[in-house]
Amino acid sequence: MKSSDHICIIGGGIIGISAAFYLSSLGHSNITIFEQCGIACHSSGKAGGFLARKWCDETDLRDLARASYDLHMDLKTEYPDLDYRCVDTYQVNTSEKVGDKSKAQTPIKWITDDHITSTKLLDTSDHTAKVSPKLLCNKLLSVAQARGVKVNISKVVEVKKSDGRVTHLFTSNCTEHVSVDVLVVAAGPWTTKFVHKHFPEYPLPAPRPQTRAHSVVLRPNNTVGTECLFQYHTTGSGTVDPEIYPVADGTVYVCGEVDYVDLPDNPLDIKPDSTKCDDLINQAGYAAKCLSSADVVAKQACYLPGSHDDLPIIGKVPGSHNVWIATGHTFWGILNGPATGKCLAELILSGKSKTCDVEAFSPDRFL
C-alpha cells in the first residue's frame, strides 16, 4: 500500500490504539482513530491490567498471548514511565467462617488470616505482571500521535462502499465524508453491531450473551503489597471468585461480579449494579480487612467483547478488499492487545503476520 493511503480505525481502546501504534512504528502514519466518547472510555479504561505469559498455553491463544506478553515487556523497557510491575500471583481461599490461623500461614504480608483457609503460589514475577490499562493506552497513543496519527472524537454513522471497498465514512460531527483506503473496526463489544449494520453481507454470528463485568477501585488506609490475588471465597450459598490487584498509585482494584444485560449504544450509558460492587468489597474484605474499610474511589462496569466461539476475531472481512476487524478478546484484551495490534499492522502493510500466526482467529471461519 502507499504511504499516503488513509487508514481509519474505529475504536479508541487497547486494540485500536495498539494497531495505530504499530502501524506508525512500521512507517505508516496517515491514520485516524475514530472514538465516539473518549480514549479508553470503556473496557480499556476499567480493566484490571493483569498479564500472564503462560496462562493461555492450553488454548488457541497460546502463541498470541506469549507474543503479546513479550511485547508488554518490551514496552516496559522502552517506556519506564509506564507503571508495569512484575508480580507474584497467588490463589487465596477464604471462608465466611473464622479459620484456623495455624493452617493459614501465608507469605503475603498485607492480607489477614482470620478467614483464610489456604494460599497457593500460582505464578511468579517471571511470568505475571500488572499494568494500568488507561495509562498504557494514553502512552501508546501519545507516541503514535507524535508520529502523525490523528484522533477524531465522533461516532461513525455511515459507511460508503463501492465494488467491495469502503471508500468514505460519515461521522456524527463532520459535514463532509472522510475518505478511506483501509478500515479497521476494533470497537470492542460494539464491533458485531457495527458489522451487522454496515456489512450485512458478512454473516458474522452474534456473540454469546453480553457479559457485564463489575469492578471497584479502593484506597485502603494502609500500604498493601504488589501481589495479585485470585480469591476463592466460600459462602453459605456457594463460591465466588473475585480478583484483587494492587495498583502502583496505592489503590486496589477488585473485579469479579458479572451479569448479562443488553449493551447500550453509548459507553457512557453503562452503569454498574451497585449491589454487585458492594458484594465485591465484602468478599475482598475476607482476604484483607483493610479493603473492607477502604475509601471507594470507583464503582464501575464494562462489557467483555466476545465472539460466537469465544475466540478473538482478527483479520480481513470476507468479501471486502479493505476492511479488517479485531474483537472478541473477552477478559484477555489488555494482555493480547499489543500483539493483536502488531499482527494487524503486519497483515495490512505486508499481507503476512510475522509476530505470530493468527489464522485460527480469521473472520473466514464463520462462513
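Scroll up to find the structure this text is about.
Residues numbered from 1 in each chain as written. Predicted model: local features only at pLDDT ≥ 70, side-chain atom pairs only at ≥ 80, totals over all residues. Heavy atoms only, no water.

Peer 1: What should I look at first to understand the nonpolar core in this one?
Peer 2: Most often, soluble globular proteins have nonpolar side chains that are buried together. Counting residues in each nonpolar core, the largest one holds 65 residues, and the members touching the most others are Ile 9 and Val 184. Excluding its chain neighbours within four sequence positions, the residues that come into contact with Ile 9 are Gly 16, Ala 19, Ala 20, Leu 23, Ile 31, Thr 32, Ile 33, Phe 34 and Val 184. (Core = buried A, V, L, I, M, F, W, Y, C linked by side-chain atoms within 4.5 Å. Buried < 20%, exposed > 50% of the residue type's maximum accessible area, 1.4 Å probe, protein only. Contact = heavy atoms within 4.5 Å.)

Peer 1: How should the side chain of Gln 300 be read in this particular structure?
Peer 2: Within the secondary structure, Gln 300 sits in strand E18 (residues 295-304). Judged by relative accessible area, which is 13%, Gln 300 ranks as buried. Apart from residues no more than four positions distant in its own chain, Gln 300 is found in contact with Lys 46, Ala 213, His 214, Ser 215, Val 217, Tyr 253, Pro 272 and Cys 277. (Helix = DSSP H or I, 4+ residues; strand = E, 2+ residues; numbered from the N terminus.)

Peer 1: Is there a simple way to think about the side chain of Thr 128 in this case?
Peer 2: Position of Thr 128 relative to the elements: it lies in strand E7 (residues 128-130). Reaching out from Thr 128, the side chain makes a polar contact with the backbone oxygen of Val 87 at a distance of 2.6 Å. At a separation of 2.9 Å, a polar atom in the side chain of Thr 128 contacts the side chain of Thr 89. The contacts of Thr 128, once residues within four sequence positions are left out, are Phe 50, Leu 51, Ala 52, Trp 55, Tyr 69, Cys 86, Val 87, Asp 88, Thr 89 and Asp 123. (Polar contact = N/O pair within 3.5 Å; in protein donor to acceptor, adjacent residues only side chain to side chain.)

Peer 1: So what exactly am I meant to see when it comes to helix H8 (residues 333-350) here?
Peer 2: For an α-helix the count is 3.6 residues per turn, leaving residues at separations of three or four pointing the same way. Spanning 18 residues, H8 covers 24 Å between terminal C-alpha atoms, matching the ideal 26 Å at 1.5 Å per step. If you look at H8, its biggest bend is around 25°, right at Ala 339. Burial within H8 is extensive, with 15 of its 18 residues counted as buried. Directly beyond the C-terminal end of H8, a positive phi value near 85° is found at Gly 351. (Expected span 1.5 Å × (residues − 1). Bend = angle between axes of the 7 residues up to and from the residue.)

What is shown is where atoms sit, not what they do.
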